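Reading the structure
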Amino acid sequence: MAERTGPVQAQHRAGEAAVQTAYSAFIRHTQVCAPCRKTGADCAEAAELRQAWRDARAAVAA
Ligand SMILES: [Zn+2]
């Protein structure tokens, strides 16, 4: 089976990289943010990061 390459594949990979980046940003935030650590709930910034992660995943799925 030949590996498919091309614009679509490249775009998909870029999308997955964006998901990883967004996920890392969210996790890193929850590890250093006192309110997030204390309450276990998302603060406003965490909510934004989570939404960005969700958007990135939706973009990959589209
Ligand atoms: Zn936070």
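The rules behind these values
- Residues numbered from 1 in each chain as written.
- Predicted model: local features only at pLDDT ≥ 70, side-chain atom pairs only at ≥ 80, totals over all residues.
- Axes fitted to C-alpha atoms, helices over the stretch in contact; angles between N-to-C directions.
- Helix = DSSP H or I, 4+ residues; strand = E, 2+ residues; numbered from the N terminus.
- Parallel < 35°, antiparallel > 145°, perpendicular 65-115°, else oblique.
- Left-handed = near helix turned anticlockwise from the far one by under 90°.
- Contact = placed C-beta atoms within 7 Å.
- Nonpolar A, V, L, I, M, F, W, Y, C, P; charged D, E, K, R; others polar.
- Buried ≥ 20, exposed ≤ 12 C-beta atoms within 10 Å, placed from the backbone.

Here we take up the packing of helix 1 (residues 7-32) against helix 3 (residues 44-61). Between helix 1 and helix 3, whose axes approach to 8 Å, the crossing angle comes to 165 degrees. Relative to helix 3, helix 1 is oriented roughly antiparallel. The handedness of the crossing between helix 1 and helix 3 is left-handed. Contacts from His12, Gly15, Glu16, Ala18, Val19, Ala22, Tyr23, Ala25, Phe26, His29 and Thr30 of helix 1 reach helix 3 at Glu45, Ala46, Leu49, Arg50, Ala52, Trp53, Ala56, Arg57, Ala59 and Val60. Split by residue class, the contact of helix 1 with helix 3 holds 13 nonpolar, 4 polar and 4 charged.

With that settled, consider the environment of Ala17. As for its position among the elements, Ala17 is in helix 1. The sequence separation of Ala17 and Cys33 amounts to 16 residues, and the corresponding C-alpha distance is 24 Å.

If you trace the backbone, Cys43 turns up in the loop between helix 2 (34-39) and helix 3. A residue is classified by how many C-beta atoms lie within 10 Å of it, and Cys43, with 17 of them, is partly exposed. Measuring from C-alpha to C-alpha, the distance between Cys43 and Arg4 comes to 42 Å, with 39 residues separating the pair along the chain. Setting aside chain neighbours within four positions, we find Cys43 in contact with Cys33, Pro35 and Cys36.

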